[in-house]
Amino acid sequence: MAKTMCYKILEAHLLEGKLEKGESIVVKIDQSLTQDATGTMAYLQFEALGLDRVKNELAVSYVDHNTVQVGFENFDDHEYLRTVAKDKGVIFSRAGNGICHQVHLERFALPGKTLIGSDSHTPTAGGVGSFSMGAGGLDVALAMAGVGFSIIAPRVVNIILKGKLRPFVSAKDIILKVLERYGVKGNVNTVFEYTGDGVKTLTVPERATITNMGAECGVTTSLFPSDEVTKAFLDAQNREGWIELKADEGAEYDDVFEIDLSVLEPMAACPHSPGNVKSVSELKGMKINQVLIGSCTNSSYLDLKRAAEILDGHVIPPTVSLGVAPGSRAVMRMIAADGTLDKLVAAGARILESACGFCIGNHQSPGTDGVSLRTNNRNFEGRSGTKSGQVYLVSPETAAYSALKGYFADPTECDKDLSGITNPDSFLIDDTMFIFPDDEKCEIKRGPNIGAPPTNEALRNSLSGEALLKVGDKITTDHIMPAGQYLKYKSNIPLYSTVVFNPVDPDFAKRASEHRDNGEAGFIIAGASYGQGSSREHAAICPMYLGIKAVVAVSIERIHQANLCNFGILPLLFENEEDYEKISQGDELRIDNVHSSLKDGKFILMNLSKGWDIPLKLFASDIQKEQLYYGGRLNQIKECGR
Ligand code: MIC
Ligand code: SF4
């Protein structure tokens, strides 16, 4: 039978289960990556597993998120990560080496390999045909211990790219078109597979822009075939390991979406969701205050060269602040060597560190009501650090051209010629900011910010307590666990837990901990697509710490659902969506017979305040049910050694 590329890779990595759509399967993981914000917890958990060395093919620890370093915490965390990497046999990418996904694409990602990373944009590596997935830190710790990763065998959507993009229209516009079609919810357990004659017109970094933002649709991963273009990229990076990989002729897909690249227009995702897509022509003329070019989505050599060419010979108007963050140290050195950096600086750009920076709200927050055009991938309300900030996600071409004009402008009206701008035949290669492990052990440094991962109790057979919070649709992990100024507390769960749901309800953490201290079970009631966005497992660990026992939602996103199971919080769904209306915040709730309900996945939630019985279902694999029974994955491993 003709196979999709997705199922070919899964078949080659299948450890357990039936490889049929909708079935729970376990796959072997070849590569892993972590970043510093989620990495400390991942390595603390790896340490808790008691292994001497990592067991998978390749494990890399990147420092790219918390690099602003106000206070001692981040530096201490980096030192923990450096020393634990050396001790456990992990490659360490030092702060300054670049953003994990860009650097991994350049130096390590390979077609046909599986990769999990403690970051939701790990599918960036799908640009070279790697089956790469975001996961919680605990899952990555387990992958480093050689344990397989559980997923649901996905449905596969074929996105056919036809023709060739017009000048000034780019990869970002393609993925925004995909987001316009598929939105940010309803795509769990799905893989996007790109085919069509347009594929060969896109370089690997352009493909990676597209696979990166598949994460915003909530898909498991996105894949480009591994072809001559992939080979040329790996050759230019002086890398071995290319294989040809594509879907068989006649492979069947669950859905097909065709995009004619030749008629595609510049697009933008409007506040406050990556799925709120409009064409730039609809937004033309809107005054802007800030432009930021960078992030793991659009910070490649080509991205910055094109932006610099558009800006060349002009200075941005005084009403606009422009920042540029090259994605990796190699990109930074290349643009420094060939004069691109000078063009950017001459145009008035502020050169930012090769790190996540503005994308995660670490700095460069816009002013009150400020309109900010950014090339990154998320524009959730408040993520920029300014609640009233209006963030639009655009391509580097739209960003640069608009920066020049001072208002939202359509780059296809630019009179420059970008056709001569291509990737080099060989990229600058400088691996000196990696620390490759040797066989030596190392004393692991732990600053006062590093705490032990918290533990949970086994699942109670009866859960009774309050609906501590009721939220609507599309609650992101940024709502649950805000980043920005609080990021530095990620290694300190008691402290970080004090800001759970802060952007939604600043009293939540206090209320929840009071109920926990009274021995009650906490419930969170949510609408559709709960937990979208980041892979941060803190959105499960910290609520667990606050005594939350169940999330009752209309739907829950994949990575977050797995994180909830990993930490022993029941991810429950309404059997009938309308029942969402039958619970108000503050209602007294109870679920009895939890243990037997776990088996058949059917629960009855009693709303004691209103006198209703509400049927709920648990969507979890057998492995996850066991995790839930023991009160999380670490307990499960302690109890039964797996
Ligand atoms: C993000 O883009 O939201 C982050 C910050 O990279 C997160 C990881 C985190 O929360 O540290 C992600 O995408 O998973
Ligand atoms: Fe970093 Fe932003 Fe990419 Fe997340 S999305 S990894 S914060 S650059």
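This text goes with the structure placed above it.
Starting afresh in each chain, residues are numbered from 1 along the sequence in its written order. Labels follow written order: the first chain is A, the first ligand is 1, and so on. Thresholds applied to this predicted model are a pLDDT of at least 70 for local features of residues and 80 or more for the giving and counting of side-chain atom pairs; totals over whole chains, interfaces and linings are not thresholded and use all residues. With hydrogens and water stripped out, all remaining heavy atoms of the structure feed into the side-chain values.

A. The arrangement of the site of ligand 2 in detail. Ligand 2 sits among His65, His101, Asp119, His121, Ser295, Cys296, Cys356, Cys359, Ile360, Asn377 and Arg383. Here the term charged refers only to Asp, Glu, Lys and Arg, the term nonpolar to Ala, Val, Leu, Ile, Met, Phe, Trp, Tyr, Cys and Pro, and the term polar to all other amino acids, Gly among them. Residues of the shell around ligand 2, tallied by class, amount to four nonpolar, five polar and two charged. For this purpose, a residue is taken to be near a molecule or strand whenever a single non-hydrogen atom of the residue falls within 4 Å of it.

B. Quick peek at the environment of Asp52. With respect to the helices, strands and loops of the structure, Asp52 is situated in the loop between α2 (36-48) and β4 (58-62). Taking the C-alpha atoms as reference points, Asp52 and Gln532, separated by 480 residues in sequence, lie 34 Å from one another. Residues within four places of Asp52 in sequence aside, it is in contact with Asp87, Lys88 and Lys441. In this description a helix means any DSSP run of H or I spanning at least four residues, a strand means any run of E spanning at least two, and both kinds are numbered starting from the N terminus. Between two residues, a contact is recorded if the distance between any of their heavy atoms is within 4.5 Å.

C. Just the nonpolar core, in detail. The nonpolar core is taken to be a set of buried Ala, Val, Leu, Ile, Met, Phe, Trp, Tyr and Cys residues, with the residues joined through side-chain atoms within 4.5 Å. Relative accessibility decides the category of a residue: with a 1.4 Å probe and only protein chains considered, values under 20% of the type maximum give buried, values over 50% give exposed, and everything between is partly exposed. Among the nonpolar cores identified, the biggest contains 75 residues, and Phe131, Phe501, Phe508 and Tyr530 are the most heavily contacted of them. When residues of this core are assigned to their parent elements, the largest contribution, six residues, is made by helix α5 (residues 137-144). In contact with Phe501, other than residues within four places in its own chain, are Leu469, Ile475, His479, Ile480, Pro506, Phe508, Ile524 and Tyr530. Leu58, Ile91, Cys270 and Tyr401 belong to the second largest nonpolar core, which has 60 residues in total.

D. The environment of Pro167, seen in detail. Its location among the elements puts Pro167 in the loop between β9 (155-162) and α6 (171-182). Looking at Pro167, the relative accessible area reads 60%, which means it is exposed. Here the alpha-carbon distance between Pro167 and Thr122, two residues 45 residues apart in the chain, equals 28 Å.

E. Examining the pattern of salt bridges more closely. The rule for a salt bridge is simple: a side-chain nitrogen of Lys or Arg has to be within 4 Å of a carboxyl oxygen of Asp or Glu. Under the defined criterion, the tally for this structure stands at 42 salt bridges. Linking Lys488 and Glu73 is a salt bridge whose minimum nitrogen-to-oxygen distance equals 3.7 Å. You can see Lys488 sitting in the loop between α15 (477-480) and α16 (493-496) and its partner Glu73 sitting in helix α3 (residues 73-88), a full 415 residues away along the chain. Under the relative-accessibility criterion, Lys488 is labelled buried at 18%. In this structure, Arg383 and Asp478 form a salt bridge, with 3.3 Å as the shortest nitrogen-oxygen distance. In this pair, Arg383 is assigned in the loop between β18 (371-374) and β19 (390-393) and Asp478 in helix α15, connecting sequence segments 95 residues apart. Of the two residues, Arg383 and Asp478, both sit in the buried class. Overlapping salt bridges bring together Lys28, Asp30, Glu57 and Lys113 as one network.

F. Structural detail: helix α14 (residues 396-405). Among the ten residues in α14, nine count as buried, and that is most of the element. Those residues of α14 that sit buried are Pro396, Glu397, Thr398, Ala399, Ala400, Tyr401, Ser402, Ala403 and Leu404. Its buried side turned inward, α14 meets α10 (280-283), β15 (290-293), α11 (301-311), β16 (321-324) and β18. In the stretch just after α14, Gly406 is the one whose phi turns positive, near 90 degrees.

G. View of the site of ligand 1. Surveying the vicinity of ligand 1 reveals 14 residues, the closest of which are His65, Asp119, Ser120, Ser535 and Arg536. At a separation of 3.1 Å, an oxygen atom of ligand 1 approaches a polar side-chain atom of Gln35. Here a polar contact is taken to be a pair of N or O atoms separated by no more than 3.5 Å, where protein atoms must pair a possible hydrogen donor with a possible acceptor and residues adjacent in sequence count only if both atoms sit in side chains. With respect to ligand 1, the side chain of Arg383 contributes an N or O atom lying 2.8 Å from an oxygen atom. Protein contacts shield 97% of the accessible area of ligand 1, which totals 340 Å² for the unbound molecule. Taken together, the residues of the shell around ligand 1 break down into two nonpolar, seven polar and five charged. Note on areas: Shrake-Rupley, 1.4 Å probe, and residue coverage restricted to the protein chains presented here.

H. Local environment of the sheet that holds β4. In this description, strands pair whenever DSSP reports at least two bridges between them. Strand order in the open sheet formed by six strands is β7-β6-β3-β4-β5-β20, with mixed pairing between adjacent strands. Since the sheet does not close on itself, it has two edges, and those belong to β7 (131-134) and β20 (434-435), each with one partner. Looking at chain direction, strand β6 (residues 114-117) and β7 are connected through four bridges and run parallel. Directly across from Leu115, in β7, lies its bridge partner Ser132. Strands β3 (31-35) and β4 of the sheet are contacted by α2, whose axis makes an angle of about 115 degrees with β3. Structural elements are reduced to axes, namely lines fitted to C-alpha atoms, with helices fitted over the stretch in contact, and the angle between N-to-C directions of any two is expressed from 0 to 180 degrees.

I. Structural view of the sheet that holds strand β10 (residues 190-195). With parallel pairing, four strands are arranged side by side in an open sheet as β11-β10-β9-β12. At either end of the open sheet lies a strand with only one pairing partner, and these are β11 (221-223) and β12 (255-260). Put simply, the sheet's adjacent strands are angled 20 degrees from each other on average, direction ignored. Taken together, the three bridges between β10 and β11 define a ladder with parallel strand orientation. Bridge pairing links Glu193 to Leu223 in β11. Running over the sheet, α6 touches β9, β10 and β12 and is turned about 140 degrees from β12.

J. Expanded view of unusual backbone geometry. Omega for the peptide link from Pro271 to His272 comes to -5 degrees, which places this bond in the cis form. Looking at the secondary structure, you find His272 in the loop between β13 (267-269) and β14 (277-279). Even without being glycine, Asn189 reaches a positive phi, approximately 55 degrees. Position of Asn189 relative to the elements: it lies in the loop between α6 and β10. Unlike most non-glycine residues, Ser529 shows phi in positive territory, near 60 degrees. Topologically, Ser529 is positioned in the loop between β22 (522-526) and α18 (538-545).

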